[in-house]
Number of protein chains: 2
Amino acid sequence: MIYDISMTVHPDMAVYKNKPEKKPVFTVVRTFAKEGGYETDVSMNLHTGTHVDYPLHVLEDGDNSDTENLETLIGEAMVLDLSHVKTAITADDLKSYAVKPDSFVLLKTVNSETDAFDFDFVYLAEDAARHLAACKVRGVGIDALGIERNQAGQPTHKALLKQGIVILEGLRLATVREGYYTMICLPLKIQGVEASPARVILTE
Amino acid sequence: MIYDISMTVHPDMAVYKNKPEKKPVFTVVRTFAKEGGYETDVSMNLHTGTHVDYPLHVLEDGDNSDTENLETLIGEAMVLDLSHVKTAITADDLKSYAVKPDSFVLLKTVNSETDAFDFDFVYLAEDAARHLAACKVRGVGIDALGIERNQAGQPTHKALLKQGIVILEGLRLATVREGYYTMICLPLKIQGVEASPARVILTE
């Protein structure tokens, strides 16, 4: 059984704060009538849909995609069902879980219940990010287009990225239950960038 | 051991026939100086670098990405070392291999020895595609940006895609030896398109 936990990329998909300039644009550049084949260009933000944030996204001297380590993106992941959380996931919400070093934690929230962008999406509070960093996780994923909102200076991103912890945003976890899975997260291999769109699957 | 057999996407990468309009273009849309963060847009052809061709690319009524089956893209793959072939891989070149139904065949050629676009790249001849289709393979990958060239009407593409056989182009196989691997090919999940850029890895 393969769970595809990636967002579908299309022109009308949810994008951060519904900003029109963040919607991907597709342009057909070859047609059967004219060139005897069909080809499309896409113009999109690298943070479109399911994607990995590299440290350069929020840290001026941060690493970019060139230091990505596939070993981090493939392996066991634990899905935590936090669907009862209303606003922000706090350290208290996480303390009942045995989060071990090297875990990859995927946060399932009410965000997975809609495909629309919710301005009040559930996010990971700074103290929860510090807790996960102290647990020495290898990565954190969330079913929102941002791992935080309305926190000046983006402390959640920084608490994780400064420790080399991967951030995975834009997951779709509605069909996945709490528990352990094997995750395969493969971002596009793009040189020297601060984020990369990815396809992510879980298997049991 | 993970073999990353994907091309690196960057502004000066090899693109089909070196056409300038096929080079991906990156635009920085947020900077630390102005917005306190870093964000990039990309504009690219869906056939950039390593990618999957869906039937719609060459068949007017062909299926698009919406019918993609991840089970086909994940599983055993056999790498055939055809580095001795000079121009086109023919059915004769393949007949010494025991290609079983449901195999995913990856064709390693001299194309993997350079990152530049070679106008005379080694391709899969029509008769070889028909042979592989008769073997009922589930997919064929090649280390060129096209699986064929200079064949009017794209008969290699059609021989495969009409049978629902996946075509995977733009692989990099220099570091991989002939033999059996587990392949994981994850294209971006894009709705209704004729091709999708992918990250592809092999494990032993």
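Relevant structure appears above.
The paragraphs below set out a description of the structure included in this document.

**Comments concerning the sheet that holds strand 2 (residues 25–30) of chain A**
The four strands lie next to each other as 2(A)-3(A)-3(B)-2(B), forming an open sheet whose pairing is antiparallel. This sheet does not close on itself; its edge strands, each paired only once, are strand 2 of chain A together with strand 2 (25–30) of chain B. When the angles between neighbouring strand axes are averaged without regard to direction, this sheet yields 15°. Pairing geometry for strand 2 of chain A and strand 3 (residues 39–45) of chain A, over five bridges, is antiparallel.

**Here's the deal with the interface of chain B and chain A**
The interface is formed by 47 residues belonging to chain B together with 47 residues belonging to chain A. Both faces combined, the contact of chain B with chain A buries some 4200 Å², and carbon together with sulfur accounts for 59% of it. Together, Phe32(B), Lys189(B) and Arg199(B) form the three largest contributors to the area buried by chain B at its contact with chain A, with a combined 18%. Linking chain B with chain A are six salt bridges, by the criterion used here. Across the chain B-chain A interface, the total number found is 26 residue pairs in polar contact (both at pLDDT 80 or more). Here the side of chain B that touches chain A takes seven residues from strand 3 (residues 39–45) of chain B, the largest share from any one element. A class-by-class count of the residues in the side of chain B that touches chain A yields 24 nonpolar, twelve polar and eleven charged. Inspection of the sheet shows strand 3 of chain A paired to strand 3 of chain B by five bridges, in the antiparallel sense. By the bridge assignment for strand 3 of chain B, Ser43(A) is matched with Ser43(B).

**A few points about the side chain of Arg172(B)**
Residue and element names in this part refer to chain B. By the element assignment, Arg 172 lies in the loop between strand 10 (166–169) and strand 11 (179–187). What makes Arg 172 buried here is its relative accessible area of 17%. A polar contact is formed between the side chain of Arg 172 and the backbone oxygen of Asn 111, at a distance of 3.0 Å. A distance of 3.4 Å separates the side chain of Arg 172 from the backbone oxygen of Asp 143, its partner in a polar contact. Setting aside chain neighbours within four positions, we find Arg 172 in contact with Asp 4, Ile 5, Ser 6, Met 7, Asn 111, Ser 112, Thr 114, Asp 115 and Asp 143.

**Details of the relation of the copies chain B and chain A**
For the match of chain B to chain A, the screw axis carries a shift of 0.0 Å, the RMSD comes to 0.0 Å, and the turn is 180°. When the rotation and shift are considered jointly, the pair of chain copies conforms to a two-fold rotation axis. The C-alpha atom lying nearest the rotation axis in chain B is that of Ser43(B); the distance is 2.0 Å. Residue by residue, 100% of the interface of chain B is reproduced at the interface of chain A, so both copies engage with the same surface.

**Overview of the nonpolar core**
The biggest cluster of nonpolar side chains holds 94 residues, and the ones touching the most others in it are Leu107(A), Leu124(A), Leu107(B) and Leu124(B). Look past the residues within four positions of Leu124(B) in its chain and what remains in contact with it is Ile89(B), Leu94(B), Leu107(B), Ala129(B), Leu132(B), Val140(B), Ile142(B), Ile147(B), Glu148(B), Gln151(B), Thr156(B) and Leu160(B). Counting residues in hydrophobic clusters, the runner-up holds 49 residues, among them Val52(A), Val200(A), Val79(B) and Cys185(B).

**With respect to the state of the cysteines**
Summed over all chains, the structure comprises zero disulfides over all chains. Of all cysteine sulfurs in the structure, the one in Cys185(B) sits closest to Cys185(A), which takes part in no disulfide; the separation is 14 Å. Judged by its relative accessible area of 0%, Cys185(A) falls in the buried class.

**Side note on the pairing of strand 7 (residues 104–108) of chain A**
Residue and element names in this part refer to chain A. With five of five residues buried, strand 7 lies mostly within the body of the structure. Residues Phe 104, Leu 106 and Lys 108 of strand 7 are buried on one face, and the alternating residues Val 105 and Leu 107, pointing to the opposite face, are buried as well. In this structure, strand 5 (residues 74–81) lies alongside strand 7, joined through four bridges in parallel fashion. Within strand 7, the residue paired with Met 78 across the bridge is Val 105. Here four bridges tie strand 7 to strand 9 (residues 139–142), and the two strands are oriented parallel to one another. Note on strand 9: the bridge partner recorded for Val 105 is Val 140.

**Quick notes on helix 4 (residues 126–134) of chain B**
Listed as buried for helix 4 of chain B are Ala128(B), Ala129(B), His131(B), Leu132(B) and Ala133(B). Just past helix 4 of chain B, the residue Lys136(B) takes up positive phi, approximately 60°.

**What to know about the pattern of salt bridges**
One pass over the full model with this rule turns up 14 salt bridges over all chains. Glu39(B) is paired through a salt bridge with Lys22(A); the nearest N and O atoms lie 2.5 Å apart. In this pair, Glu39(B) sits in strand 3 while Lys22(A) sits in the loop between strand 1 (2–4) and strand 2, so the two residues belong to two different chains. Residue Glu39(B) shares its accessibility class with Lys22(A), and that shared class is buried. Salt-bridge contacts for Arg130(B) lead to Glu126(B); the nearest nitrogen and oxygen are separated by 3.0 Å. A residue pair is termed a helical-turn pair when its members lie 3 or 4 positions apart in one helix, as Arg130(B) and Glu126(B) do in helix 4 at four residues. Through salt bridges with shared partners, a single network forms among Asp4(A), Arg199(A), Glu68(B) and Lys189(B).

**Side note on the environment of His131(A)**
All names here are of chain A. If you trace the backbone, His 131 turns up in helix 4 (residues 126–134). Considered as a pair, His 131 and Ala 91 are 40 residues apart in the sequence and their alpha carbons are 6.0 Å apart. The contact partners of His 131, leaving out residues within four places of it in the chain, are Ala 91, Leu 94 and Lys 95.

Rules of the game
- Residues numbered from 1 in each chain as written.
- Chains lettered and ligands numbered in written order.
- Predicted model: local features only at pLDDT ≥ 70, side-chain atom pairs only at ≥ 80, totals over all residues.
- Heavy atoms only, no water.
- Pairing = 2+ DSSP bridges.
- Helix = DSSP H or I, 4+ residues; strand = E, 2+ residues; numbered from the N terminus.
- Axes fitted to C-alpha atoms, helices over the stretch in contact; angles between N-to-C directions.
- Contact = heavy atoms within 4.5 Å.
- Buried area = accessible area lost by both parts, 1.4 Å probe.
- Salt bridge = Lys/Arg side-chain N within 4 Å of Asp/Glu carboxyl O.
- Polar contact = N/O pair within 3.5 Å; in protein donor to acceptor, adjacent residues only side chain to side chain.
- Nonpolar A, V, L, I, M, F, W, Y, C, P; charged D, E, K, R; others polar.
- Buried < 20%, exposed > 50% of the residue type's maximum accessible area, 1.4 Å probe, protein only.
- Least-squares fit on C-alpha atoms with pLDDT ≥ 70 in both.
- Core = buried A, V, L, I, M, F, W, Y, C linked by side-chain atoms within 4.5 Å.
- Disulfide = S-S within 2.5 Å.

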